[in-house]
Amino acid sequence: MAAPSSAALPCPEPGAAPYGNFPNYSRFHPPEARVSLLPGGLLRRLFPAAARPLLGLDVGCNSGELSVALYRHLLGLQDKSSLDQPGKDLRLLCCDIDAALIERARQSSPFPASISFANLDIMDSASREPFLSSYLGRFGRSTFDIGFCMSVTMWIHLHHGDSGLREFLAFLSSLCEYLLIEPQPWKCYRAAARRLRKLGRNDFDHFRSLAINGDMVERITQILTKDCAMELVCCFGSTSWDRSLLLFKSNGSNQEGREPSES
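Residues numbered from 1 in each chain as written. Predicted model: local features only at pLDDT ≥ 70, side-chain atom pairs only at ≥ 80, totals over all residues. Heavy atoms only, no water.

### A look at the pattern of salt bridges
The tally for this structure, following the rule as stated, stands at 12 salt bridges. In this structure, Glu 65 engages Arg 104 in a salt bridge whose closest nitrogen and oxygen atoms are separated by 3.9 Å. Within this pair, whereas Glu 65 is found in helix α4 (residues 65-74), its partner Arg 104 is found in helix α5 (residues 99-108), the two being separated by 39 residues in sequence. Classification of Glu 65 by relative accessible area gives partly exposed; the value is 31%. For Glu 231, the salt bridge goes to Lys 249, with nearest N and O atoms at 3.9 Å. In this pair, Glu 231 is assigned in strand β6 (residues 230-238) and Lys 249 in strand β7 (residues 244-250), connecting sequence segments 18 residues apart. Owing to a relative accessible area of 34%, Glu 231 belongs among the partly exposed residues under this scheme. Exposure remark for Lys 249: the relative accessible area of 6% places this residue in the buried category. (Salt bridge = Lys/Arg side-chain N within 4 Å of Asp/Glu carboxyl O. Helix = DSSP H or I, 4+ residues; strand = E, 2+ residues; numbered from the N terminus. Buried < 20%, exposed > 50% of the residue type's maximum accessible area, 1.4 Å probe, protein only.)

Quick look at the structure:
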């Protein structure tokens, strides 16, 4: 998520977290409901020829429960008999603007050697670019194999407007060969605005001026496919709270034998 300064973030009151930094998010949106939509062996199908650790970026990871669940699911760690081959392991960099949530994630992570948590405002180009370049450089890389953007787009959109959402999606598409994204529907925008008003806070700066609105799955798909040189691979379905899980691929991501194999 994005805000002027992570150090200045207020402690969210019950029912309100203006940057999406809910302290107990996984209690009302369980990680299992998301990862269960993803097919087994997804990484093998997307990266059949990869012989080195895959690199993943999870933007807006909150306190890390979903990040860990994604990691377990993608590597088949729930069922050791289906564990991906050694060359298919994953290094996952997870970032969030809320320093307190990141600290919780670090303390509770069962995979500290493979999952890194970082306090980062992804919309602050002055800090994100050197940080991400440094991380990628440790692996001799310039891009991530796969990015995760799970219920983050609304917060970027509300705080940075239409241009900010476009910039965010363009940045992710330039940095990730594949992008798994879960956009919030428009009704969530209205609900977030209502929560702020009930608490007597000012409305989101851009809410009433957003021209990108309505069917957000369709609008975000249009931006990624028409403006960001990505193509929609598939929709894995929707959660019980009406969040679609979409996988996009960069038009250049089928280099080095990276075209997904047939199911």
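### A look at the side chain of Thr 221
Along the polypeptide, Thr 221 turns up in helix α9 (residues 216-227). The class for Thr 221 is buried, based on a relative accessible area of 16%. Those residues in contact with Thr 221, other than ones at most four positions away along the chain, are Leu 232, Leu 246 and Phe 248. (Contact = heavy atoms within 4.5 Å.)

### So, the packing of aromatic side chains
This model, assessed by the stated rule, comprises 7 aromatic pairs. When the ring of Tyr 71 is compared with that of Phe 111, the centres are 4.9 Å apart and the planes differ by 45 degrees; the resulting orientation is tilted. Placement of Tyr 71 in helix α4 and of Phe 111 in the loop between α5 and β3 (115-119) is noted, with a sequence separation of 40 residues between them. We note that Tyr 71, like Phe 111, is buried. Put simply, the rings of Tyr 135, Phe 139 and Phe 144 touch in pairs and so form one group of aromatic residues. Against the face of Phe 171 rests Arg 128, its NZ or CZ located 3.8 Å from the ring centre. (Phe/Tyr/Trp six-rings, centres within 6.5 Å; stacked < 30°, edge-to-face > 60°. Lys NZ or Arg CZ within 6 Å of the ring centre and 35° of its normal.)

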